[in-house]
Amino acid sequence: MTSKSPIVQKLDEIQGRLVALLKPVGFARKGRAFRRETECGIFQIIALQAGRFELGPPLPDPVKYLRPDHYGEFTVNIGVHVAEMFERTNPPHNSKRVIDDSHCDIRTRLSGITDNDDQWWSLIEDCDDVADDIGALLLHVGIPFLERFRSREQIVRDWISFNETERRLTSVARLDVAMVLLKNGDQNGARRLFQDHLGRTKLPHHAAYVRELAVELGLGVLDED
């Protein structure tokens, strides 16, 4: 059996320390992520993402400009997967597949809901300090963020206003909420949000997509601007 690298071992230790914080609030560990289901079809994800290994340290000079070198570091992604939101741009999710943060439409870095958009933590430093740092962020900002979007009722109520008054994580919040309304049988509400979103977009290709999707979903032909 191949032994784990020191970096992988460090990440294992950090993730293990987070179990004590996340298990009591309903998260189960799966791979490099923690997941909980808060409503049928709604999964909340906290995922540890390690920096890519392909190039390794040090990054060769000719390709330094291609991407930041996060080898030996990791970041934390958090997200909410809502089945009907996901299905706006994807086929229905296979129930046998594991849902991860890439399947979330409500999605950000843990640091993205504070003042730092893209924070990466070192896997070289003391893992106790790093785990404490991440645990504090999860406790004070990460889990409260997820709690705001644990149900369809909360998403309908708050997701649009969050993006307009607090932090812009997506430009399609109205379409997200419309998909939830449609799932609940509120075609009129879904159509109003499609129409509102269409009136705000300045991109012709996206506008055409919104019109086509409205017809496909049974919302009818949207009004001209």
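A short tour of the structure in this document, coming up. (Residues numbered from 1 in each chain as written. Predicted model: local features only at pLDDT ≥ 70, side-chain atom pairs only at ≥ 80, totals over all residues. Heavy atoms only, no water.)

**With respect to the pattern of salt bridges**
All told, the structure shown has 18 salt bridges when counted by the stated rule. Linking Arg174 and Glu164 is a salt bridge whose minimum nitrogen-to-oxygen distance equals 2.7 Å. A residue pair is termed long-range when its members are at least 10 positions apart, and Arg174 in helix H5 (residues 173–183) and Glu164 in helix H4 (residues 152–165) qualify at 10 residues. Residue Arg174 is classed as buried on the basis of its relative accessible area, which comes to 11%. Here Glu224 makes a salt bridge to Arg211, at a shortest N to O gap of 3.6 Å. Here Arg211 lies in helix H7 (residues 204–216) and Glu224 lies in the segment after H7, a separation of 13 residues in the sequence. Looking at Arg211, the relative accessible area reads 22%, which means it is partly exposed. Salt bridges sharing common partners tie together Glu164, Arg174, Asp196 and Arg200. (Salt bridge = Lys/Arg side-chain N within 4 Å of Asp/Glu carboxyl O. Helix = DSSP H or I, 4+ residues; strand = E, 2+ residues; numbered from the N terminus. Buried < 20%, exposed > 50% of the residue type's maximum accessible area, 1.4 Å probe, protein only.)

**Quick notes on H4**
Because each turn of an α-helix spans 3.6 residues, side chains separated by three or four positions end up pointing in the same direction. The first and last C-alpha atoms of H4 sit 20 Å apart over 14 residues, in line with the 20 Å expected at 1.5 Å per residue. Considering bend angle alone, the principal kink of H4 is centred on Asp158 and spans about 40°. Every buried residue of H4 is listed here: Arg152, Gln154, Ile155, Asp158, Trp159, Ile160, Phe162 and Asn163. (Expected span 1.5 Å × (residues − 1). Bend = angle between axes of the 7 residues up to and from the residue.)

**A few points about the layout of surface pockets**
Estimates place the volume of the largest pocket at around 250 Å³. What lines the largest pocket is a set of 15 residues, and nearest its centre among them are Arg168, Ser171, Val172, His197 and Arg200. Taken together, the elements giving at least two residues each to the lining of the largest pocket come down to H4, H5 and helix H6 (187–200). In terms of residue count, the dominant contributor to the lining of the largest pocket is H4 (three residues). Along the lines of polarity and charge, the residues of the lining of the largest pocket split into four nonpolar, six polar and five charged. (1 Å grid on protein atoms, 1.4 Å probe; cavity = no way out; pocket = protein on both sides within 12 Å on 5 of 7 lines; lining within 4 Å. Points joined across faces, edges and corners; volume = space filled by probe spheres on them. Nonpolar A, V, L, I, M, F, W, Y, C, P; charged D, E, K, R; others polar.)

**A word on the pairing of strand E4 (residues 73–82)**
By the criterion of burial, E4 is predominantly enclosed, with nine of the 10 residues buried. Pairing of strand E3 (residues 42–50) with E4, which is carried by nine bridges, proceeds in the antiparallel orientation. What sits directly across from Gln49, in E4, is Thr75. Strand direction decides the pairing type here: E4 and strand E6 (residues 121–122), joined by two bridges, are antiparallel. Note on E6: the bridge partner recorded for Glu73 is Ser122. (Pairing = 2+ DSSP bridges.)

**Regarding the packing of helix H1 (residues 6–22) against helix H3 (residues 127–148)**
Each pair of packed helices can be summarised by the angle the axes make with each other and by the distance between the axes. Interaxial distance between H1 and H3 falls to 9 Å at its minimum, and their mutual angle equals 40°. Considering their axes alone, H1 and H3 lie oblique with respect to each other. Note on packing geometry: the crossing formed by H1 with H3 is right-handed. The residues of H3 that touch H1, namely those facing Lys10, Glu13, Ile14, Arg17, Leu18, Leu21 and Leu22, are Cys127, Asp128, Val130, Ala131, Asp132, Ile134, Gly135, Leu138, Leu139 and Ile143. (Axes fitted to C-alpha atoms, helices over the stretch in contact; angles between N-to-C directions. Parallel < 35°, antiparallel > 145°, perpendicular 65-115°, else oblique. Left-handed = near helix turned anticlockwise from the far one by under 90°. Contact = heavy atoms within 4.5 Å.)

**As for the packing of aromatic side chains**
Here the structure, examined in full by the defined rule, presents six aromatic pairs. Residues Phe74 and Trp121 carry aromatic rings whose centres are separated by 6.0 Å and whose planes lie at 35° to one another, so their mutual orientation is tilted. Here the residue Phe74 occupies a position in strand E4, and Trp121 occupies one in strand E6, the gap between them amounting to 47 residues. Each member of the pair, Phe74 together with Trp121, is buried. Considering the side-chain rings of Trp159 and Phe162, the 5.9 Å spacing of their centres and the 15° angle between planes classify their relative orientation as stacked. (Phe/Tyr/Trp six-rings, centres within 6.5 Å; stacked < 30°, edge-to-face > 60°.)

Geometric descriptors of this kind do not, in isolation, establish any biological role.
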